[in-house]
Amino acid sequence: MKQSDMFLKLKFSTTFFLMVMSFLLHAQKAITLKGKVFDKSTKETLVGATVFIQEKKVGTTTNALGEFEITTSENVARFKVAYIGYRDTIIVVLNNSSYYSIALVPAYKSLNEVQVITSKDDPKEKVNDVQMGVDRISMAEAKLLPAILGEVDILKVLQLKPGVKSGGEGTAGFFVRGGSNDQNLILVEHAPVYNPSHLFGFFSVFNSDAINNVTLYKSGFPSQYGGRLSSVLDVEMRKGQADSIAVQGGIGLLASRLTLNVPIIKRKLSLLVSGRRTYADLITNSLNELNKNKPDFTPIPAYYFYDFNSALDYNINDKNKLSLNGYFGNDFFKFKGDNFGANLLWGNRSATLEWKHRFNSRINVSTAYFTSGYLYRINTSFSEISLSLGSRIWDQGLVNNWSYYINEKHTLKFGVSGIYHRFTVGEYGISAEFTDIKDGQNIEAGEFGAYLSHTWRINKRVEVLSGLRNSTFNNRNKTFNNLEPRLALKTSINSNSTIKASYARMYQYLHLVSSSAASLPTDVWYPSEEGIQPQRSDQVSLGFHQAISENKYFASIEGYYKWIDNAIDFRDGAQLFANPNLSKEFVFGKGWAYGIETYIEKKKGKTTGWIGYTLSWSWRQFDKINFGEPFHPRFDRRHDISVVIMHKLSKRLSISGTWVYSTGNYATIAGGRFAFQDALPDQISATPDYFKRNDFQMPPTHRLDLGLVWKLRSKKWDSDITFSLYNAYSRRNPFFVFYEEVKDDAGQTVQFKPTLVSLFPILPAVTYNFKF
C-alpha cells in the first residue's frame, strides 16, 4: 500500500473518530427529554406529576397542560414518573430526541399489593424535595381507612398526621402546630373556604368522590400562599374525563352520593357533576307524622345537609386549557313545636374559572377568577315574637401565577392576587306586633398579594428555595402593608438522607369570632381595621428525612418553634352574637408554640400505613385575660399518637385500622360561686365564678377504628362493600364539660359539679360503593 494511501486512510479514520467522539461528547453535554403525562383510562392530563432522573438527582413537574421538559448533563437510560394516587412508572429512554406520551395507572388498580404512591410522596421523592412540613393524601388512600358512619372524610385523615390535631371527638376541625382553627387557609381550586364542616363540625364539606387529592403545608410555606398563620390546605378537585361516560357513587347509613362524568366533545370538552345528601330528616319526618296525635309527644328536629360539585373542562389545544369548577352546599336544621319554632340554614358556595396557557416548555401561566362565600341564618319564633340572626362573607378574587423553568438549576415562580371582601356581621332582627327592629354592620375590604420565589439547585447535595411575598390589606381607609420572607434549605447526606430547614413569616388579616373549638355555623369572620392589627407569625423548622429499605419506608423527625404577635382573643364575658360592634370585644396579646414530630411510613407491599407521634406545647398571653399570666389554649395537647395500618388479604379483601391517643383538651371551669337574692323572698340563686382561663385539663382521649373493604365480582362494573367500626372498644371520650347544679334538702344550690359529656359509643356502619 502506498504511503499516500495509508496517510489518507489514517487521516480519514482519525477524522471519523474525532467526529464520533465529538458527537458523543456533545450528546453527553445536553440531553433534553420531553413528553406528556396523562391518566391511562380517562386520558386526563396530570398536572404536577413528578419526572425524576434518579442517578442524576434532577427532576421537574408537569405544567398546566400535563407536559414536561427536563435537561440533564449526561445521557440516561431511564427516568421515573409519579403522581399522587397513581402507580410509579419507569420509562426507558429509547431516543433522546423523542416525545414521550406516558399513561399512568391509578394505585387502586394494583391487584397484588396495597401501593399508594404519590408524585412527591414516594419516600425518595419526599427526601429529595426541598419543601418540608408537607402532608399529601390521595382519595385512593383515604378510602381504605375506616370512617365514622361510613363517610370518608379527608380532614379526619389529615388529623392522623403528626402536628395536626382535631377540635374534639369525631369533629372535622383541625389545629396545626399550636395554631387555632381560623389560622388554616383552606383553598378549593383557588377559592377560600371559611367553614369546612357539616353537622356542627362532625363532617367536612368535601365529598370524597369529587376530590382528587389534598396537600397540607405546615411550615416553610410557598410564597404564593398568604393570609393565614398556621397552615395551608390546598384541595384539588377531580376533573372530567373526555372520552367516555363514567358513573360512580355510594349508599351508606348516613348519606348517599352520585358522580356522573359526561364527555360532551370527545377528548375536548367534558362535564363532571357530583352530589351528596343525608337523609336523616326523611326518617325523623316519618316518625313525627306517625306520632303527632299522641299526647305529650315532642317532635324530633329535622336535619340534613347536601353538597353539589361540578367541573367543566375544555382542552382548547395543546397550549390552552379552560376549566370551570363550582361548589354549593347547605345545612338545614328545623324544629317546630306548639309555641316555639326554629330554622337554621348555613352553607358555602364557590366557583372558579381558570385558564392555563403554555408559551413553551419552560414558561407557563395560569389565571383564575373565583367567587366564594359563607353565610348562616337563624330564625326563631315564640308565640307572636320572631327573632333572626345572621352573618355572611362574600369574596371575589383574581389569581395570576407564572412558572419559568430556566434550566435544571434554576426555576422561578411569581404572580399576583387580589380579593374583594364583603362582610355582614352582627345582623339581627326582632319582629312583634308593635315592634320591628333590624340592625347589623356591613364592611368592605380589599386584600392583595404579589410574590416571587426562586428554586436554586446549587449542586447534587444542596438546594435552596427562597421567596418573598408582599401583602396589602385595606379596610375603612386603613391600609396595612407587610413583607413576608420565606426560605427553605435542603442538604443531602447521601442518596437516602437529607437535613432540611425552613423559615416563614405570615400575616393574617381576617379573624374568626367563635367561642368554640369546633366549626360552628354561627362563626363570624371579622377583618383587621384601625385598632385591630393583623396577626403575625414567624416559624422556624429543622428536620431529618430518610428513605429506608429500598424505598419501602419513609422516616422523619421535625422540630419547630413559632412566635405569634398580635394574637386575638375575646375579653371575659364578651357578647359575640347580635353585636354590631364586635371590634370592642377583642383583646390582643401574644403566643408561642414549639414541638417535635416523629413519623415513619410504609408505602409499598401488602401492608402499608404509618405511625406518628407529636410532643408539643402551646401558650397564649394577654394583659386582660387570666390576670396577665400565660395559659394553654384549649387545643394544646402534650402528647398525640396515631397508628394507621392497611393490609390487603387478597385481591378482593382489604382490612384497615387506626388507633389514636391524645392528652385531654383544656377547659375553663368554675373556681367558686357567688349568690344573689332573687325577686322572690327567701329565694337565693348561685352562679359559677370563673377564676382562671383553661385551668382544667380533661382526661385523655383514645380510640380504635376498624375497617374492611370487600370487592365484589362483576364483569360490567367495579363495586365494593365497606364495613367500618368507629370506636371499636366504645371508649367514652370527653367532648365538653357542663355544670350540674347540686341542691340541698331545702332546695338551695350548694355547689356546681363539673360533669364530662361523651358523644360517641361504638358505631358500626356499612356502605355500598359502585363505579362503571
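Residues numbered from 1 in each chain as written. Predicted model: local features only at pLDDT ≥ 70, side-chain atom pairs only at ≥ 80, totals over all residues. Heavy atoms only, no water.

### Details of the packing of aromatic side chains
Ring pairs (aromatic) are described by centroid distance and by the angle formed between their planes. Enumeration according to the criterion identifies 29 aromatic pairs in this entry. Among the aromatic residues, those joined into a cluster by ring pairs are F203, Y303, F305 and W346. Positioned over the ring face of W610 is K161, at 3.7 Å from the centre of the ring. The ring of Y304 is capped by R277, whose NZ or CZ atom sits 4.0 Å from the centre of that ring. (Phe/Tyr/Trp six-rings, centres within 6.5 Å; stacked < 30°, edge-to-face > 60°. Lys NZ or Arg CZ within 6 Å of the ring centre and 35° of its normal.)

### Considerations on the sheet that holds strand β2 (residues 50-53)
Two strands in a sheet stick together by hydrogen bonds in their backbones, pointing the same way (parallel) or opposite ways (antiparallel). Ordered in space as β3-β2-β5-β6, the four strands form an open sheet in which the pairing is antiparallel. Where the open sheet ends on each side, the last strands, each with one partner, are β3 (58-61) and β6 (89-92). Across the sheet, the mean angle from the axis of one strand to that of its neighbour is 25°, orientation sign disregarded. In this structure, β2 lies alongside strand β5 (residues 78-82), joined through three bridges in antiparallel fashion. Across the sheet, T50 pairs through a bridge with A82, a residue of β5. (Pairing = 2+ DSSP bridges. Helix = DSSP H or I, 4+ residues; strand = E, 2+ residues; numbered from the N terminus. Axes fitted to C-alpha atoms, helices over the stretch in contact; angles between N-to-C directions.)

### A short note on the side chain of T424
With respect to the element layout, T424 can be found in strand β25 (residues 410-431). Apart from the residues lying within four places of it in its own chain, the contact partners of T424 are S391, R392, Q441 and N442. (Contact = heavy atoms within 4.5 Å.)

### As for the pattern of salt bridges
Counted by the stated rule, this structure contains 22 salt bridges. D281 is the salt-bridge partner of R277, the closest N and O atoms lying 3.2 Å from each other. On the basis of relative accessible area, R277 is assigned to the partly exposed category, the value being 31%. The salt bridge involving E529 is made with R476; its shortest N-O contact spans 3.0 Å. Taken together, the positions of E529 in the loop between β31 (524-527) and β32 (535-548) and R476 in the loop between β27 (462-475) and β28 (478-494) put the pair 53 residues apart, joining distant regions of the chain. (Salt bridge = Lys/Arg side-chain N within 4 Å of Asp/Glu carboxyl O. Buried < 20%, exposed > 50% of the residue type's maximum accessible area, 1.4 Å probe, protein only.)

### Let's talk about the environment of S642
Mapped onto the elements, S642 comes out in strand β36 (residues 639-648). You can call S642 buried: its relative accessible area is 3%. For the pair S642 and R703, spaced 61 residues apart in sequence, the C-alpha separation works out to 9.9 Å. With sequence-adjacent residues up to four places away left out, S642 is seen in contact with L160, W610, I611, G612, W659 and V660.

### Digging into the sheet that holds strand β11 (residues 184-188)
Taken in spatial order, the five strands of this open sheet run β8-β15-β16-β11-β12, and their pairing is mixed. Two strands lie at the open edges of the sheet, namely β8 (134-138) and β12 (191-192), each paired on one side alone. One ladder, built from five bridges, connects β8 with strand β15 (residues 211-217); its direction is antiparallel. Along β15, the bridge assignment pairs V134 with Y217.

### Brief notes about the nonpolar core
One finds I393, F423, V425, L510, W525 and Y526 to be the most contacted residues of the largest nonpolar core, which totals 35 residues. Contributing elements (two or more residues each) for this core: β20 (302-317), β22 (340-358), β23 (363-382), β25, β26 (436-457), β30 (510-513), β31 and β33 (553-570). If sequence neighbours within four positions are ignored, I393 has contacts with Y194, S372, G373, Y374, R422, F423, L510 and W525. Residues M139, A142, V214 and L216 belong to the second largest nonpolar core, which totals 34 residues. (Core = buried A, V, L, I, M, F, W, Y, C linked by side-chain atoms within 4.5 Å.)

### Some words on the pairing of β36
With burial as the criterion, only one face of β36 is covered, namely that bearing D640, S642, V644, M646 and K648; the residues H639, I641, V643, I645 and H647 on the opposite face remain uncovered. In terms of strand pairing, strand β35 (residues 607-622) meets β36 through nine bridges, oriented antiparallel. Counted as the bridge partner of L615 is H639 from β36.

### Quick word on helix α5 (residues 280-291)
If you check α5, its first and last C-alpha atoms are 17 Å apart, about what 12 residues at 1.5 Å a residue would give, namely 16 Å. Among all positions in α5, only D281, T284, N288 and N291 are buried. One face of α5 carries all of its buried residues, which in axial projection span an arc of 105°. Across α5 from its buried face, at more than 90 degrees, point the exposed residues I283 and L290. Among the structural elements, β19 (269-278) and β20 are those in contact with the buried residues of α5. (Expected span 1.5 Å × (residues − 1). Arc of directions from axis to C-beta.)

### Notes on unusual backbone geometry
Although it is not a glycine, F627 adopts a positive phi angle of roughly 60°. Tracing the sequence through the fold places F627 in the loop between β35 and β36. Of note, S730 is a non-glycine position whose phi angle comes to about 55°, a positive value.

### Here we look at the environment of W717
Assignment of secondary structure puts W717 in the loop between β42 (701-712) and β43 (718-726). In this structure W717 comes out as partly exposed when scored by relative accessible area, which is 36%. The spacing of W717 and F772 is 55 residues in sequence and 4.5 Å in space, taken between C-alpha atoms. Excluding its chain neighbours within four sequence positions, the residues that come into contact with W717 are Y768, K771 and F772.

### Thoughts on a nonpolar patch on the surface
The grouping of I264, I265, L271, L312, Y314, L322, L324, L353, W355, Y369 and L398 at the surface amounts to a nonpolar patch, some 920 Å² of accessible area in total. Of all the secondary-structure elements, those providing two or more residues to the nonpolar patch are β18 (255-265), β20, β21 (320-336) and β22. (Patch = residues over 30% accessible without salt bridge, like charges linked within 9 Å, V, L, I, M, F, W, Y side chains within 5 Å. Areas by Shrake-Rupley, 256 points an atom, 1.4 Å probe, with all protein chains shown as cover.)

### Considering the side chain of D313
The topology assignment puts D313 in strand β20. This buried residue, D313, is left without a salt bridge; K321 holds the nearest opposite charge, at 4.6 Å. When near neighbours in sequence (up to four residues on either side) are disregarded, D313 contacts K239, G240, K268, L269, S270, K321, L322 and S323. (Lys, Arg positive; Asp, Glu negative; His and termini not counted.)

### Comments concerning the confidence of the model for the protein
When pLDDT is averaged across the protein, the result is 82; 84% of the residues are at 70 or more. Across residues 6-12, confidence stays below pLDDT 50; counting only partners more than four residues off in sequence or on other chains, it has two contacts. The model gives residues 14-29 a pLDDT under 50, and that stretch makes five contacts with residues more than four places away or in other chains. (pLDDT = per-residue confidence, 0-100.)

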